[in-house]
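What the coordinates show
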Amino acid sequence: MEEPRQIDFADLDAYSRRQSYHRDLRPYQQENKSAIYKAWGEGKISVMLQMPTGTGKTHLFASLIKDIQDYTFDRASATRQGIAKILVLVHRMELIEQIQRTLTVRYRHECGIVSGPATIWTSRNVIVASVQTLGRRKRLKSWESEVDFDFIIIDEAHHSTADSYQRIRNAW
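All of these numbers come straight from a predicted model, not from anything done at the bench.

**Let's talk about the overall build of the chain**
- Helix and strand content of the chain: seven helices and four strands.
- Counting from the amino terminus, the chain carries its helices and strands in the arrangement α-α-α-β-α-β-β-α-α-β-α.
- Whereas a compact globule of 172 residues would reach a radius of gyration of roughly 16 Å, the chain reaches 15 Å, a difference of no more than 12%.
- Counting only C-alpha atoms and orienting by the principal axes, one finds that the chain spans roughly 40 × 40 × 30 Å.
- Across the 172 residues of the chain, 45% fall into the buried class.
- Put simply, 62% of the contacts in the chain that link residues at least 6 apart link residues at least 24 apart.
- Surface exposure of the chain reaches about 9,700 Å², of which carbon and sulfur atoms provide 48%.

Okay, here's the thing in C-alpha cells:
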C-alpha cells in the first residue's frame, strides 16, 4: 500500500476558491466545502456532511472531486502519477447516473463506473460504484489488491453501517 497522500488542505481550499466552478456553488455549499477541507486539514479522516434533500449534495461533492483531481494533477509529474484516486459509493443505479452526469457535463471530468454489467473505464482516477456490485467478495478482493483509493465518498451515508459498506471501507 502506498504512503498516505499529503495534501495541504488550506492550500486546496484557497485553490478551490479561485476556480470558476466554485463561484457557481451556493454560499452554503462553498462554506460546507471549506468546512470539509478544514476538518481534513485538522487530521480528521472521516467527515460527514448532512444537507437536506434538494440542496445540492451531488454538486457539492462533485465540485470537491474536481478540486482534488485538478489540484493533485497540477502538482503531479508529467507522467500523471500522484493524481488522487477517489471512490464514490452509492446504493442505487439512479445515483450512479446522476453523479456521472454531474461530473462529466457540469465539471467536465470523466469517471469510471462499477455497477453490474456497466463496469467500464475502471482505470480512471474517479470511480462511481454500486455498493452491491463492488461489495461482492470476489470483486472486492481483486480491487483491493489492484487499486489504492485516497478518498472514499459515501452518498446517502446513513447506509454506511451496513455490512456491505463496512466490507468496502475496511478494504481501504
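On we go.
**Some thoughts on the packing of aromatic side chains**
- Applying the stated criterion across every chain, the model contains six aromatic pairs.
- Centre to centre, the rings of Y21 and Y107 are 5.5 Å apart; their planes meet at 85°, and the pair counts as edge-to-face. Here Y107 lies in the loop between α4 (93–106) and β2 (112–114) and Y21 lies in the loop between α1 (9–17) and α2 (27–41), a separation of 86 residues in the sequence. Pair check on accessibility: Y21 and Y107 agree, each one buried.
- Ring geometry for F149 against W172: centres 5.0 Å apart, planes inclined by 80°, an arrangement best described as edge-to-face. Of this pair, F149 sits in the loop between α6 (137–146) and β4 (151–154) while W172 sits in the segment after α7 (163–171), and the two are 23 residues apart along the sequence.
- You can call F149 buried: its relative accessible area is 7%.

Conventions we followed
Residues numbered from 1 in each chain as written. Predicted model: local features only at pLDDT ≥ 70, side-chain atom pairs only at ≥ 80, totals over all residues. Heavy atoms only, no water. Helix = DSSP H or I, 4+ residues; strand = E, 2+ residues; numbered from the N terminus. Rg over C-alpha atoms; globule rule 2.2 N^0.38 Å. Buried < 20%, exposed > 50% of the residue type's maximum accessible area, 1.4 Å probe, protein only. Contact = heavy atoms within 4.5 Å. Areas by Shrake-Rupley, 256 points an atom, 1.4 Å probe, with all protein chains shown as cover. Phe/Tyr/Trp six-rings, centres within 6.5 Å; stacked < 30°, edge-to-face > 60°.

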